[in-house]
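Given next are the chains, with one letter for each unit.
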Amino acid sequence: MKKLAITALTVLALPAIAEEAVITGNIESKCVINTDTNGVFGNPVAGTLSTLPTDGGVMPIIRYDVALGDAYTARITAPNSFSTSPSIDDVVNWTSDVEVSEVSDTAMADYETDKIEYEYTTEFDMHTAGTTWFKVTSKAEYGYGRAYPAGTYRAIVMAECIAN
């Protein structure tokens, strides 16, 4: 009986044995964003910088390659400030537009009409696999009747692919 009690206590006193099994998964995005054309500001009048070709500018072209439809939202935010510029001491008024420039599939024809716009951001439901090109118009007007000082001006277009 004594041996049975000691054996029972020994079994109960042993530490529990456990093992962990690791599960790992790597996911690659099915949405790739590329800049096909960098934008250039034209300077049609002293107080205006614009990416419109009629103003001497070049509109940036952003390309989205989506391998899986109905899984992503394209979110493109046009600039509302300069990322670098000479010192300026007056307000800059920004206007912008993001438009579908070209699509690889006719099923994407509603991207432009169904887009959602707020502030400087435009969202598109990428419901069809394929490639879509977006063009961004950006215009920055300096003060009232003010001329931009000489120098280099840069602004950023933010393009994101948001998983639904």
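Our subject is the structure listed above.
Report follows, based on the coordinates. (Residues numbered from 1 in each chain as written. Predicted model: local features only at pLDDT ≥ 70, side-chain atom pairs only at ≥ 80, totals over all residues. Heavy atoms only, no water.)

So, about the sheet that holds strand S7 (residues 121–126). The four strands lie next to each other as S6-S7-S4-S9, forming an open sheet whose pairing is antiparallel. A strand with exactly one partner marks an edge of an open sheet, and here the two such strands are strand S6 (116–118) and strand S9 (158–163). Strand after strand, the sheet turns through a mean of 20° between neighbouring axes, direction not considered. Across six bridges, the pairing between strand S4 (residues 72–77) and S9 is antiparallel. (Pairing = 2+ DSSP bridges. Helix = DSSP H or I, 4+ residues; strand = E, 2+ residues; numbered from the N terminus. Axes fitted to C-alpha atoms, helices over the stretch in contact; angles between N-to-C directions.)

This part covers the side chain of Thr132. With respect to the element layout, Thr132 can be found in strand S8 (residues 130–142). If we ignore the near neighbours within four places in the chain, the residues touching Thr132 are Ile62, Arg63, Tyr64, Val100, Glu102, Val103, Met108, Tyr111 and Met126. (Contact = heavy atoms within 4.5 Å.)

This next bit is on the pattern of salt bridges. Overall, the coordinates contain seven salt bridges when judged by the stated rule. Notably, a salt bridge pairs Arg75 with Glu123, separated by 2.8 Å at the nearest N-O pair. Placement of the pair is Arg75 in strand S4 and Glu123 in strand S7, with a sequence separation of 48 residues. With a relative accessible area of 25%, Arg75 lands in the partly exposed category. A single network of salt bridges, built from pairs that share partners, joins Asp36, Arg63 and Asp65. (Salt bridge = Lys/Arg side-chain N within 4 Å of Asp/Glu carboxyl O. Buried < 20%, exposed > 50% of the residue type's maximum accessible area, 1.4 Å probe, protein only.)

Unfilled space is identified by rolling a water-sized probe across the atoms. The calculated volume of the largest pocket comes to roughly 350 Å³. If you trace the largest pocket, you find 19 residues lining it, with Gly39, Pro60, Ala155, Ile156 and Val157 closest to the centre. Within the residue set of the lining of the largest pocket, elements represented by two or more residues are strand S1 (31–37) and S8. Ranked by residues supplied to the lining of the largest pocket, first place goes to S1 with three residues. Classifying every residue of the lining of the largest pocket by side-chain character gives 12 nonpolar, six polar and one charged. (1 Å grid on protein atoms, 1.4 Å probe; cavity = no way out; pocket = protein on both sides within 12 Å on 5 of 7 lines; lining within 4 Å. Points joined across faces, edges and corners; volume = space filled by probe spheres on them. Nonpolar A, V, L, I, M, F, W, Y, C, P; charged D, E, K, R; others polar.)

Worth remembering: the numbers are spatial, not functional.
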